[in-house]
Amino acid sequence: MLRALGLTTAAIGLLSFVSIAQADPLAPTGKWSAYQGGSATTPPMGWSSWNSFATDITEAKIMGVADALVKTGLAASGYRYVNMDDGWWQKRRQPDGRIQIRIAQFPSAAVGSAEETSFKPLTEKLHAMGLKAGIYSDMGRNSCSQAYSPGVPNLAEGSVAEREIGLYGHVDQDIALYMKDWGFDYIKVDGCGLRAFTADNPIVKSGQFRELTPLIDGWNINTTDVTAVRNLYTEVGTALARYKPNGDFIFSLCAWGSADVRSWAKDVGSISRTSDDLSPHWVRMLYNFDTAVTRPLYAHPKSWNDPDMLYVGAGDFDGDHLTEARSHFALWAIINAPLILGNDVRTMPKALLDIVSNPAIIAINQDPAGNQAVLAYDAQDIQILVKTLASGKKAVAVFNRGLAAVDADLTAQHLKYAADKDIVLTDLWTKKKITFKKETKLALAPRQTLIFEAEGTRQLQNGLYLSEMPGSVNPAVDGVQIPQPDPTLFRSQPWGGTHGNGAHPQYAGWGGAQADYTPFGQSLRVAGESFDSGIGVLANSRLEVRNNGAKTFTTEVGIDDSSPDKTHPVSFAVYGDGKLLAQSKPTRFREKAETLAVNVKGVKIIELVARNDATPIMQPTVVTWGNAALTK
Ligand code: GLA
């Protein structure tokens, strides 16, 4: 073909070289590749029907909550998305496939004959109240309630084809209807239709539902078709861009941490679930929190980790458990989780309203720099999380996970502040101030989270460590070749109960890039030299860094002492807007870290590439970008 076009052999050679070079995922692109669609410049805030009503939803309930959001002042505090979850579908009309709404539950959707339903009146009402409207669908042909909850109210009705209300095979048609014609601003796309409708499932065998060869294996990443799942969700993103050309939408992916979403969802949608459903139990909150807390580098303005909706107001987080409710809320806020309430706002006790309306904590979550908090101290009983704010100040949460009262030492080092200068903490619940130098001891009640704003003298005075600005660092390629479940998660029994032989996390995040830790949760150390600050990542990775006006990038690079692979040398390269700025010599295990210092004045995107020549990869090589920092 190329020859038929009259190209010479040399030109063909050049073309194939170019296409090989383009295929190299470590080749610099000069671009920021994480998701830029949609409107989630800060984590979305709002309410969802699921935790209070499950599929038993009606227009009266939805509008009642919408009214309450306005009357309580929650809307003014930022909770503006009103999201309908599962339970609104009547059927997919045949033969044209247009989706119909349950008009018995949603009277305003009856805009003509029973065949002509529309949510436009509902979204217009919400918009007129200054609110936004959210809808729910599934990536497969069928929904989660159809898969797992026979007998619940409001399941879709009719023939097998009429009950296929999911997006599969209808992406363009449904997204146009929901987002353009009906005017929704938010869509959550669940994944049960891609995992549950196996040939041997009794609901498929009995002929109630069509088989869909599962693309997601909830139990095993190895038998999940990651590319196919990614392609389907990408198709939705493309349709959203087509039908919401002004970009005013939120695309919420709900694949519960399966299908290796850690590595790609940040490139595809606005928020992505990192775990299975939260329930109103303390231990379940720990599990969901753990799936997101070590992933600050995977959260950026317009694409956030989603450990699921808030359960403030129920079970272990109800009005009789205010310590737990405060912890849950403060933790979600500081890790930049979407703040989506799940309680019935119409009947909300004042004490709970005060928690979720706390303006200082909301401001931490909505801080424009978009830095998810980084773990400054990590243990099974206590964790200290620090988040760098746009103002340069910090937010810090000290979290007692356990049932015993404990003391925690908060040090200047945790905050990356100078130890010999005053540090001032402001408690965001009580407004009380604590001033200290070097360190202070904090008493924590069982399950308590103290959350402060902190001001002090920065150790690095004229810039930021990259680990302080994870919202501007994107692991475009994180080097994980064999995704594995994260063994450090707190594993509580799943919502289905203690069937089977244990709780197996789906979140294949183990080995992903980490701020101030190695990808396997160790301290950063190269040839005996420890680094309190830095990025830990596997070799054969490429990190994109947004430069916000800094002049110099400096780092000390080497193979980490904890690296499983000790034989293959690694070379480190720094690019500025696609051009090579500096390169290390190939470095070996136990060799001293090499300093790289480059001028990045005027550079927009810096790329950090660590390569080794190990093929096939038998063991991962852990590398450290020690003290990686941008300075003025
Ligand atoms: C899944 C999701 C939940 C909710 C239900 C609805 O379980 O993870 O958040 O949307 O489906 O059926």
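Presented here is an overview of the structure given in this document. Predicted model only: the values in this text are computed from it and were never measured.

Scoring rules and cut-offs
- Residues numbered from 1 in each chain as written.
- Predicted model: local features only at pLDDT ≥ 70, side-chain atom pairs only at ≥ 80, totals over all residues.
- Heavy atoms only, no water.
- 1 Å grid on protein atoms, 1.4 Å probe; cavity = no way out; pocket = protein on both sides within 12 Å on 5 of 7 lines; lining within 4 Å.
- Points joined across faces, edges and corners; volume = space filled by probe spheres on them.
- Nonpolar A, V, L, I, M, F, W, Y, C, P; charged D, E, K, R; others polar.
- Domains from an automatic or database assignment.
- Helix = DSSP H or I, 4+ residues; strand = E, 2+ residues; numbered from the N terminus.
- Near = heavy atom within 4 Å.
- Polar contact = N/O pair within 3.5 Å; in protein donor to acceptor, adjacent residues only side chain to side chain.
- Areas by Shrake-Rupley, 256 points an atom, 1.4 Å probe, with all protein chains shown as cover.
- Sits in = over half its atoms within 2 Å of the grid points.
- Pairing = 2+ DSSP bridges.
- Axes fitted to C-alpha atoms, helices over the stretch in contact; angles between N-to-C directions.
- Contact = heavy atoms within 4.5 Å.
- Expected span 1.5 Å × (residues − 1).
- Buried < 20%, exposed > 50% of the residue type's maximum accessible area, 1.4 Å probe, protein only.

1. Notes on the layout of surface pockets
Estimated volume of the largest pocket: approximately 550 Å³. Looking at the largest pocket, it is lined by 23 residues, and the ones nearest its centre are Trp-219, Asp-276, Pro-494, Trp-495 and Gln-506. Looking at the lining of the largest pocket residue by residue, the classes come out as eight nonpolar, ten polar and five charged. Taken together, domain 1 (46-273) and domain 3 (478-631) each give at least three residues to the lining of the largest pocket, which thus spans both. Looking at the second largest pocket, its volume works out to about 430 Å³. For the second largest pocket, the lining is made up of 27 residues, of which Trp-50, Cys-144, Ser-149, Asp-277 and Trp-495 are closest to its centre. At the level of secondary structure, the elements contributing two or more residues to the lining of the second largest pocket comprise helix H2 (50-53), helix H6 (144-148) and strand E6 (186-190). When residues of the lining of the second largest pocket are assigned to their parent elements, the largest contribution, three residues, is made by H6. Across the lining of the second largest pocket, the residue classes break down as 13 nonpolar, five polar and nine charged.

2. Some details on the site of the ligand
Neighbouring the ligand are 13 residues, the closest being Asp-85, Asp-86, Lys-188, Asp-190 and Asp-277. The separation between an oxygen atom of the ligand and a polar side-chain atom of Asp-277 is 2.5 Å. When the ligand sits alone it has 310 Å² of accessible area, and the protein chains cover 94% of it. A molecule is said to occupy a pocket when more than half its atoms come within 2 Å of that pocket's grid points, and by this definition the ligand occupies the second largest pocket. Taken together, the elements giving at least two residues each to the shell around the ligand come down to H6 and E6.

3. Looking at the sheet that holds strand E16 (residues 433-436)
Taken together, the six strands give an open sheet; going across it, the order is E11-E12-E13-E18-E15-E16, and neighbouring strands pair in antiparallel fashion. One side of each edge strand has no neighbouring strand; the edge strands of this open sheet are strand E11 (374-378) and E16. Direction aside, the axes of adjacent strands within the sheet are offset by 25 degrees on average. When strand E12 (residues 382-388) meets strand E13 (residues 394-400), the two strands line up antiparallel, connected through seven bridges. Each bridged residue has a counterpart across the sheet, and for Ile-384 the counterpart in E13 is Val-398. Sheet strands in contact with helix H11 (residues 282-293) are E11, E12 and E13, and its direction is about 140 degrees off that of E13. Together, E12, E13 and strand E18 (449-455) form the strand contacts of helix H12 (residues 322-334), whose direction differs from that of E18 by roughly 40 degrees.

4. Considering the sheet that holds strand E8 (residues 271-273)
In sheet architecture, strand pairing relies on hydrogen bonds along the backbone and comes in two forms, parallel and antiparallel. Reading across the sheet, the eight strands line up as E9-E8-E7-E6-E5-E2-E1-E10 and stay open at both edges, with parallel pairing between neighbours. The open sheet has two edge strands with one neighbour each: strand E9 (304-306) and strand E10 (339-341). Between one strand axis and the next, the sheet turns by 25 degrees as a mean value, whatever way the strands run. In this structure, E8 lies alongside E9, joined through three bridges in parallel fashion. Counterpart to Ser-272 in the pairing with E9 is Asn-305.

5. Focus: H11
For an α-helix the count is 3.6 residues per turn, leaving residues at separations of three or four pointing the same way. Taking 1.5 Å per residue as the helical rise, H11 with its twelve residues ought to reach 16 Å, and the 16 Å between its terminal C-alpha atoms agrees with that figure. Most of H11 sits out of view: eleven of its twelve residues are buried. Listed in full, the buried residues belonging to H11 are Trp-282, Arg-284, Met-285, Leu-286, Tyr-287, Asn-288, Phe-289, Asp-290, Thr-291, Ala-292 and Val-293. Looking at the packing, one finds that the buried side of H11 touches E9, H12, E11, E12 and E13.

6. A short note on the pairing of strand E31 (residues 622-631)
Of all ten residues that make up E31, nine are buried, and the element is covered over most of its length. Of the pairings in the sheet, the one linking strand E19 (residues 463-465) to E31 comprises three bridges and is antiparallel in character. Bridged to Tyr-465 within E31 is Ala-629. Across five bridges, the pairing between strand E24 (residues 534-538) and E31 is antiparallel. In the sheet register, Ile-535 faces E31, and the bridge partner there is Trp-625. Direction of pairing for strand E26 (residues 552-559) relative to E31: antiparallel, over a ladder of seven bridges. Bridge pairing in E31 links Thr-554 to Ala-629.

7. Structural notes on empty space enclosed by the protein
This structure, assessed with the given rule, holds three cavities of 30 Å³ or more. Each pocket or cavity is described by its volume, and for the largest cavity that value is around 140 Å³. Surrounding the largest cavity, 17 residues form its lining, Tyr-186, Lys-188, Ser-252, Asp-306 and Met-309 being those nearest its centre. Those elements giving two or more residues to the lining of the largest cavity turn out to be E6, strand E7 (250-254) and E8. Tallying contributions element by element places E7 first for the lining of the largest cavity, with three residues. A class-by-class count of the residues in the lining of the largest cavity yields nine nonpolar, three polar and five charged. Its volume calculated, the second largest cavity comes out at about 100 Å³. Elements that contribute at least two residues to the lining of the second largest cavity include exactly helix H10 (261-264), E8 and E9. It is E8 that contributes the most residues to the lining of the second largest cavity, three residues altogether.

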